[in-house]
Amino acid sequence: MAWKDLRESRILAYLDEDDLKALAPALLERYLHKDQVLFKQGQAGDSMFIVLKGELDVLARARNHPVEAELPVARLSPGDVVGELTCLDPSARAATVRAASTARVIEISCTMLDSLTQHAPVLGSRILRGIATRIHERLRVTHQQIDELLQRCDGTASMRPQARPLTAGKHEEVCHSQVDLSPLVSIHGLSQADLELLRGSSRIIVFKAGAALCLEGETATSCMFVLEGNLELSHETGGRVFALARLGPGSIVGQAGLLERQPRMATMRAISRCVVMRLDRDTFEQLMRLGKPFAVRFQHDMAVAGAQQLRLTTRRLLILRGLAPANEVKNPAPARRRESRARVETADQVLEAAMRQSNLDLSELDAVEIVELPGQLTQRERRKRRTGS
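Now for a quick tour of the structure.

### Concerning the sheet that holds strand β7 (residues 81–82)
The strands making up a sheet associate through backbone hydrogen bonding, with each pair oriented either parallel or antiparallel.
Thought 1: The strand order β1-β10-β4-β7 describes an open sheet built from four strands, whose pairing is antiparallel. Two strands lie at the open edges of the sheet, namely β1 (28–32) and β7, each paired on one side alone.
Thought 2: The pairing of β1 with strand β10 (residues 103–109) spans five bridges and is antiparallel. Paired with Leu 28 across the two strands is Glu 107, which belongs to β10.

In structure tokens:
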């Protein structure tokens, strides 16, 4: 395959010419004839496909239709990608993809992506960056579509109105040695080397109760690790402001700010005195260029978290459009063993935020076991992905 064939893919936009030349020989190429199915809805998947030539139709089974009835929801052209969610977080395919004409695609599997991030971290991280950016673009568009539908039908009643006023400017910076970084170790499994890297590349900021950490609509340029205290996320829709969730020590908020300079999708406010570690986008990009293992792992976790939230919001959009029944919301990730009560409670809060932003009733998830933060992999799972055993 010629490396120039890869230049049209937006998901590989962060790769330079040398990267593409190194990657091209390792990719699996597939040819499809008209009406050939690439994969079917519900089929297990762990890879993504980039369209090089021809067009593909994305089809989804409609609510109250026979199993055989599938409706077109999108058409893919050269440069488009499909299946990036399962490449990051293997699960059942959300739709059927069928060739609308003769087509040529390349496949990148989860195993291949993991291998690249381990043995060629700079190249692997650039692919991850493209995937994560694509996921957050889709997430932003999906949230906008949901907001538009909810405003038409006034479907925001299940969300809690926010009563607490915001205050501005009440924060100060303190020395790293004055705060406890153990929440990052216990929840995210960071090593001592990771902590030292963060100490040298981030800032510790203390916010007083009521102060805004960031405002919805402002340009995102950083993410924050919550070390002490609690904060509240809120979202404005239809002219009203609603509380989404409360998050505590160990939570990470605003990760999308490390990927792209786009408006924040929520306001973050300190409920009590809140201590956060702030990592700026420019600093994170420098760590990525240097191929620092922590930065590569963190980018992967951000992408997985975005993939899982995108599944939830896409499901809600299908429900609102009548393409899926409301009582079939599935767990977005394979169930994993509970590791600590604190992690389970934090995970419930994070999922509640995603569900409330999508206007889903949490009672629909009674059968789902939430075991950890979406996208935050356990040390055991990290070892399993590295070794393949």
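There is more to say, and it comes next.
### Side note on the nonpolar core
General note: in soluble globular proteins, nonpolar side chains tend to be found buried as a group.
Thought 1: One finds Leu 12, Ile 127, Phe 225 and Phe 298 to be the most contacted residues of the largest nonpolar core, which totals 57 residues.
Thought 2: In terms of residue count, the dominant contributor to this core is helix α8 (residues 293–320) (nine residues).
Thought 3: Those residues in contact with Phe 225, other than ones at most four positions away along the chain, are Leu 184, Leu 198, Ser 251, Ile 252, Val 275, Val 276, Met 277, Leu 279, Phe 294 and Phe 298.
Thought 4: Residues Ile 205, Phe 207, Leu 231 and Cys 274 belong to the second largest nonpolar core, which totals 17 residues.

### Notes on the pattern of salt bridges
Working definition: two side chains of opposite charge can pair if their charged atoms are close together.
Thought 1: Overall, the coordinates contain 20 salt bridges when judged by the stated rule.
Thought 2: Between Arg 269 and Glu 232 there is a salt bridge, with its nearest N and O atoms 3.3 Å apart. Taken together, the residues Arg 269 in strand β19 (residues 267–270) and Glu 232 in strand β16 (residues 231–237) connect sequence positions 37 residues apart.
Thought 3: The exposure class of Glu 232 is buried, given its relative accessible area of 3%.
Thought 4: The partner of Asp 280 in a salt bridge is Arg 278, and the shortest N-O contact between them spans 3.6 Å.

### Let's talk about the pairing of strand β9 (residues 96–99)
Thought 1: Bridge analysis of strand β2 (residues 37–39) against β9 gives two bridges, and the strand direction is antiparallel. Note that in β9 the partner of Phe 39 across the bridge is Val 97.
Thought 2: In this sheet, β9 lies alongside strand β5 (residues 56–61) in antiparallel orientation, the contact comprising four bridges. Paired with Asp 57 across the two strands is Arg 98, which belongs to β9.

### Concerning the packing of aromatic side chains
Working definition: an aromatic ring pair is given by the centre-to-centre distance plus the angle between the planes.
Thought 1: All told, the structure shown has four aromatic pairs when counted by the stated rule.
Thought 2: Centre to centre, the rings of Phe 294 and Phe 298 are 5.8 Å apart; their planes meet at 10 degrees, and the pair counts as stacked. Taken together, the residues Phe 294 and Phe 298, both in helix α8 and four residues apart, mark about one turn of the helix. The same class applies to Phe 294 and to Phe 298, which are both buried.
Thought 3: Within the aromatic cluster, the residues linked to one another by ring pairs are Phe 225, Phe 284, Phe 294 and Phe 298.
Thought 4: Taking the ring centre of Phe 39 as reference, the NZ or CZ of Arg 93 above it sits at 4.1 Å.

### Comments concerning the packing of helix α7 (residues 281–289) against α8
Thought 1: In the contact formed by α7 and α8, the axes pass within 9 Å of each other and the chain directions differ by 115 degrees. Contact residues: Phe 284, Leu 287 and Met 288 in α7; Ala 295, Val 296, Phe 298, Gln 299 and Met 302 in α8.
Thought 2: Taken together, the residues of the contact of α7 with α8 sort by class into seven nonpolar, one polar and no charged.

### Focus: helix α6 (residues 192–201)
Thought 1: Among the residues of α6, Asp 194, Leu 195, Leu 198 and Ser 201 are the ones counted as buried. Around the axis of α6, the buried residues are gathered within 140 degrees of arc, so they sit on the same side. Facing away from the buried side of α6, by more than 90 degrees, are the exposed residues Gln 192, Ala 193 and Gly 200.

### A look at the side chain of Thr 142
Thought 1: Its location among the elements puts Thr 142 in helix α4 (residues 121–153).
Thought 2: Assessed through its relative accessible area of 7%, Thr 142 is described here as buried.
Thought 3: The residues touching Thr 142, leaving out its near neighbours within four places in the chain, are Leu 310, Thr 313, Thr 314 and Leu 317.

### Some thoughts on α8
Thought 1: The end-to-end C-alpha distance of α8, which contains 28 residues, comes to 41 Å, matching closely the 40 Å that a straight helix rising 1.5 Å per residue would cover.
Thought 2: With respect to burial, α8 is a largely interior element, 21 of its 28 residues being buried.

### Description of the pairing of strand β4 (residues 47–53)
Thought 1: Most of β4 is tucked away, with six of its seven residues classed as buried.
Thought 2: As paired elements, β4 and β7 share two bridges and run antiparallel to each other. Residue pairing across strands places Phe 49 opposite Val 82, the latter belonging to β7.

### Points about the sheet that holds β9
Thought 1: Reading across from one edge, β2-β9-β5-β6 is the order of the four strands in this open sheet, with antiparallel pairing throughout. What marks the edges here is a single partner per strand, and that holds for β2 and β6 (70–76). Looking at each pair of strands side by side, their axes are set apart by 30 degrees on average, direction ignored.
Thought 2: Examined bridge by bridge, β5 and β6 share six bridges and lie antiparallel to one another. Of the residues in β6, the one forming a bridge with Asp 57 is Arg 75.

### Observations concerning the side chain of Arg 281
Thought 1: Within the secondary structure, Arg 281 sits in helix α7.
Thought 2: On the basis of relative accessibility, which here comes to 10%, the residue Arg 281 falls in the buried class.
Thought 3: The residues touching Arg 281, leaving out its near neighbours within four places in the chain, are Arg 129, Thr 221, Ser 222, Gly 257, Leu 258, Leu 259, Glu 260 and Arg 261.

### Regarding the environment of Gln 255
Thought 1: Considering the arrangement of structural elements, one finds Gln 255 in the loop between β18 (252–253) and β19.
Thought 2: Taking the C-alpha atoms as reference, Gln 255 lies 6.6 Å from Met 302; in sequence the two are 47 residues apart.
Thought 3: Excluding residues that lie within four positions of it along the chain, Gln 255 makes contacts with Cys 223, Phe 298 and Met 302.

What counts as what
Residues numbered from 1 in each chain as written. Predicted model: local features only at pLDDT ≥ 70, side-chain atom pairs only at ≥ 80, totals over all residues. Heavy atoms only, no water. Pairing = 2+ DSSP bridges. Helix = DSSP H or I, 4+ residues; strand = E, 2+ residues; numbered from the N terminus. Core = buried A, V, L, I, M, F, W, Y, C linked by side-chain atoms within 4.5 Å. Buried < 20%, exposed > 50% of the residue type's maximum accessible area, 1.4 Å probe, protein only. Contact = heavy atoms within 4.5 Å. Salt bridge = Lys/Arg side-chain N within 4 Å of Asp/Glu carboxyl O. Phe/Tyr/Trp six-rings, centres within 6.5 Å; stacked < 30°, edge-to-face > 60°. Lys NZ or Arg CZ within 6 Å of the ring centre and 35° of its normal. Axes fitted to C-alpha atoms, helices over the stretch in contact; angles between N-to-C directions. Nonpolar A, V, L, I, M, F, W, Y, C, P; charged D, E, K, R; others polar. Arc of directions from axis to C-beta. Expected span 1.5 Å × (residues − 1).

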